[in-house]
Amino acid sequence: MDNTWQERLIDLHPHLFIRICGGLPFSPAYPICPDGWQELVATVVERVSEVANDHPVQFRELSEKCGRLRIYWKTESILPKRIERSIEDVIARAEARSAVTCATCGAEGRLFASSVGRLLPLCSEHAQGTPLPTHAGSENVHLVRVLAADKIGTIECRRYDRRLDAFVDGRNPIVENLPITKSNSVREN
Ligand SMILES: [Zn+2]
């Protein structure tokens, strides 16, 4: 039987995924998400591998939650701040991109709710269910965690531009002085 795209991705980056338990390898962060996100998941894994360089960074979880990708990671060493910021940045862009990427084909999409309330972004060709209403001025605005200084983080509202794969507007902090240990992507000591 052919390997899944997730298995092939893990084989390419075993240092980010594989742990040994009882002498056996396993991958707790095996990506659990729609096939339409295959390319963006491969991209974020590649980017994290590049920016982490030889530092011991591992994914804890990559999965779809409420229609968008959520990525959790850890390190067992003290990372230079610039590397930690770079990892947070590539992960924030991938999570934002997933919210506007069709879960079926990977084209640009928007969030739809199925008849049982399941949320997924879908393109016009694969649209099913009811499109979620968007409010003028708040399209593609995401909450993004930014590391501002040592041990201090900020949650900001940023607008994601899918074409540029970048956050494009000015930063508007809405929660300041957030302890890093309360964020969703934390160092585990
Ligand atoms: Zn589609």
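Here, every reference points to the structure presented above.
Residues numbered from 1 in each chain as written. Predicted model: local features only at pLDDT ≥ 70, side-chain atom pairs only at ≥ 80, totals over all residues.

Novice: Teacher, can you tell me more about the overall build of the protein chain here?
Specialist: Within the protein chain, the secondary structure is distributed over four helices and 11 strands. Pairs at least 24 apart in sequence give 47% of the contacts found in the protein chain among residues at least 6 apart. (Helix = DSSP H or I, 4+ residues; strand = E, 2+ residues; numbered from the N terminus. Contact = placed C-beta atoms within 7 Å.)

Novice: Can you help me understand the sheet that holds strand S7 (residues 130-131) in this one?
Specialist: Either a parallel or an antiparallel arrangement is found when strands of a sheet pair, and the pairing is made through backbone hydrogen bonds. With respect to topology, three strands assemble into an open sheet ordered S6-S5-S7, the strand pairing being antiparallel. The sheet terminates laterally at strand S6 (119-122) and S7, the two strands that pair on one side only. Two elements, strand S5 (residues 110-113) and S6, share four bridges in a ladder whose sense is antiparallel. Considered in S6, the bridge of Arg110 is made with Leu122. (Pairing = 2+ DSSP bridges.)

Novice: Teacher, can you tell me more about the packing of helix H3 (residues 38-52) against helix H4 (residues 81-98) here?
Specialist: Two packed helices can be described by the angle between their axes and the distance between those axes. For the pair H3 and H4, interaxial distance at closest approach is 9 Å and the crossing angle is 175°. As judged from the angle between their axes, H3 and H4 are roughly antiparallel. Residue-level inspection shows Leu40, Thr43, Val44, Arg47, Val48, Val51 and Ala52 of H3 in contact with H4, the latter providing Ile83, Ser86, Ile87, Val90, Ile91, Ala94, Arg97 and Ser98. Tallied by class, the residues present in the contact of H3 with H4 amount to 10 nonpolar, three polar and two charged. (Axes fitted to C-alpha atoms, helices over the stretch in contact; angles between N-to-C directions. Parallel < 35°, antiparallel > 145°, perpendicular 65-115°, else oblique. Nonpolar A, V, L, I, M, F, W, Y, C, P; charged D, E, K, R; others polar.)

Novice: Teacher, can you tell me more about the nonpolar core here?
Specialist: Counting 33 residues, the largest nonpolar core has Val44, Val48, Phe59, Ile71, Ile87 and Ile91 as the members making the most contacts within it. Listing elements by their share of this core, those giving two or more residues are helix H1 (5-12), helix H2 (14-17), H3, strand S3 (57-65), strand S4 (68-75), H4 and S6. Looking at this core, the element that brings in the most residues is H4, giving six residues. Apart from the residues within four sequence positions on either side, Val44 is in contact with Ile71, Val90, Ile91 and Ala94. (Core = buried A, V, L, I, M, F, W, Y, C linked by C-beta atoms within 7 Å. Buried ≥ 20, exposed ≤ 12 C-beta atoms within 10 Å, placed from the backbone.)

Novice: I'm lost on unusual backbone geometry in this one. Help?
Specialist: A negative phi angle characterises most non-glycine residues, just as the trans form characterises most peptide bonds. Positive phi, normally seen in glycine, also occurs at Asn53, with a value near 55°. Phi at Cys66 takes a positive value of approximately 50°, unusual for a residue other than glycine. Within the element layout of this structure, Cys66 appears in the loop between S3 and S4. The class for Cys66 is exposed, based on 10 C-beta atoms found within 10 Å.

Novice: What's the story with H3 in this structure? I'm lost.
Specialist: For an α-helix the count is 3.6 residues per turn, leaving residues at separations of three or four pointing the same way. The terminal C-alpha atoms of H3, which comprises 15 residues, lie 21 Å apart, in line with the 21 Å expected from a rise of 1.5 Å per residue. Looking only at H3, the buried set comprises Val41, Val44, Val45, Val48 and Ala52. Each buried residue of H3 sits inside an arc of 100° when the element is viewed along its axis, so together they form one side. If you follow the buried residues of H3, they end up packed against H1, H2, S3, S4 and H4. Residue Asn53 follows H3 closely and has a positive phi angle near 55°. (Expected span 1.5 Å × (residues − 1). Arc of directions from axis to C-beta.)

Novice: What is the right way to look at the environment of Thr134 in this model?
Specialist: Considering the arrangement of structural elements, one finds Thr134 in the loop between S7 and strand S8 (141-149). With 12 C-beta atoms counted inside 10 Å, the residue Thr134 sits in the exposed group. For the pair Thr134 and Arg110, spaced 24 residues apart in the sequence, the C-alpha separation amounts to 9.6 Å.

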